[in-house]
Amino acid sequence: MGNTRRLPALDHANNFDGLRLIASLMVLVSHQFALLGTTEPILVPGMTLGMIAVAMFFVMSGYLVTQSWYQDPHITRFAMRRFLRIWPGLMVATVVLVIASAAITSLPMHDYFGRETRRFITFNAQLRPVYTLPGVFVTAPFNAVMSSVNGSWWTIPLEAKCYAYLIVLGAIGLRRRIFSALALLVVAFMYVRTLPGHAMDNAFDHLGYFYTAFFLGGVCVRQFAGEIRRHYRLTLCVGAAFLVAVCLLRQAGLAEWLVIGLITLLVGLSSTPGLRSAARFGDLSYGIYIYAYFVQQLTIHVWPATPSYPATLAVAFLVTIVLGWCSWHAVEAPALSLKRRLRTWFPDAAA
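Remember, it's a predicted structure, so these values are computed and weren't measured experimentally.

This brings us to the overall build of the protein. Of the regular secondary structure elements, the protein holds 14 helices and two strands. Burial status across the protein gives 49% buried among its 351 residues. A sequence separation of at least 24 residues applies to 75% of the contacts in the protein between residues at least 6 apart. Here the protein has roughly 16,900 Å² of accessible surface; of this, 68% comes from carbon and sulfur atoms.

Here we come to the pattern of salt bridges. Counted by the stated rule, this structure contains eight salt bridges. Salt-bridge contacts for R81 lead to D72; the nearest nitrogen and oxygen are separated by 2.9 Å. Residue D72 is classed as buried on the basis of its relative accessible area, which comes to 8%. For the salt bridge of E332 with R85, the shortest nitrogen-to-oxygen distance reads 3.0 Å. Within this pair, whereas E332 is found in helix α13 (residues 309-336), its partner R85 is found in helix α3 (residues 75-102), the two being separated by 247 residues in sequence. The network of salt bridges with common partners includes D17, R20, R85, D283 and E332.

Here we take up a positive patch on the surface. Where like charges cluster on the molecular surface, the positive patch consists of R115, R118, R119 and R128. When you line up the elements, R115 lands in helix α5 (residues 115-125).

This paragraph deals with the packing of helix α2 (residues 49-71) against helix α6 (residues 155-173). The contact between α2 and α6 brings their axes to 11 Å, and the two run at 35°. For the crossing formed where α2 meets α6, the hand is right-handed. Residues V54, F58, S61, V65, T66 and W69 of α2 form the contact with α6, whose own contacting residues are T155, L158, E159, C162, Y163, L166, G170 and A171. When grouped by side-chain class, the residues that make up the contact of α2 with α6 number nine nonpolar, four polar and one charged.

Overall, the predicted model of the protein reaches an average pLDDT of 85, with 85% of residues at or above 70. In this model, residues 1-9 is a region of pLDDT below 50 whose contacts with residues beyond four sequence positions or in other chains number 20 contacts.

To continue, consider the packing of α3 against α6. Between two packed helices, both the angle of their axes relative to each other and the distance between the axes serve to describe the pair. The interhelical angle for the contact between α3 and α6, taken along N-to-C directions, is 175°, at an axis separation of 10 Å. Here α3 lies roughly antiparallel to α6, going by the angle between them. Mapping the contact onto sequence places I75, F78, A79, R82, I86 and L90 in α3 and I156, E159, Y163, L166, I167 and A171 in α6.

Basis of the calculations
Residues numbered from 1 in each chain as written. Predicted model: local features only at pLDDT ≥ 70, side-chain atom pairs only at ≥ 80, totals over all residues. Heavy atoms only, no water. Helix = DSSP H or I, 4+ residues; strand = E, 2+ residues; numbered from the N terminus. Buried < 20%, exposed > 50% of the residue type's maximum accessible area, 1.4 Å probe, protein only. Contact = heavy atoms within 4.5 Å. Areas by Shrake-Rupley, 256 points an atom, 1.4 Å probe, with all protein chains shown as cover. Salt bridge = Lys/Arg side-chain N within 4 Å of Asp/Glu carboxyl O. Patch = residues over 30% accessible without salt bridge, like charges linked within 9 Å, V, L, I, M, F, W, Y side chains within 5 Å. Lys, Arg positive; Asp, Glu negative; His and termini not counted. Charge placed at Lys NZ, Arg CZ, Asp CG, Glu CD. Axes fitted to C-alpha atoms, helices over the stretch in contact; angles between N-to-C directions. Left-handed = near helix turned anticlockwise from the far one by under 90°. Nonpolar A, V, L, I, M, F, W, Y, C, P; charged D, E, K, R; others polar. pLDDT = per-residue confidence, 0-100. Parallel < 35°, antiparallel > 145°, perpendicular 65-115°, else oblique.

Structure follows, in structure tokens:
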């Protein structure tokens, strides 16, 4: 593992691509338990394997998109970079799911391609996920939620909201220390709202605060990168003291936030053989994330006998990786190649 002490400027020799790939596969592995009606594995108190993976995604995203802002602090270009990263792949996946589901729906075609399917397309295009298609997976064995064709997409609008928070911080002065401190206070507030004793209106409120805290944690680490470099030993001591304090106070949630967030960033900023070259065949993590749930549902739906976890996981794993590869090379990479034109389309004078 390389030197993590300096929090180096990002280049292509870090582990973030590998960590994103691992996290996307962790979500797949965790969801397979739920879709088969069994309990997802709990690795740390209150967090499934999938929850840990999503937390990793958000803390990495917070760090990396803040770095992107520092490299080009232009609101329109920043927003367009985020749009090109999320929307084209999501829109194509939406159409693919609609077409693929037409082959397995229990409804006649004229009923399937009706108002509900049009709503599925238009709402997902607006980052307002709709999770079911008419007549698809209606006999799912677990519960009503398991009739979803895209159950993991709920995090995408939350990610977009986090980008909006960062744009606001950028617009009022992301480089100013006072706003970094305020962002850190927002992190603390968001996370405290997820701890026991703080009622949420529903589970999505809880998870929204939870993952936003991880995102803003990544933002703050990038914000204070200079201070961390200059006072590395002091930072370690403060972190260790905080960890001891929350453990003594039996606030496991705060300890998890600190440990998962910092380990993810320290490993991501390192340069480890294997992990650092994980994207040599393309950055497959987003494609895996947006297609995995449907592939897993479909695998279980068409399984010829009682579906077993290892067999269905293996098939879903392989098919999803292939779809992730296709998504990257056919959709995501061509869309991202447009980023080089953004300075021409949106020059500084238009800021």
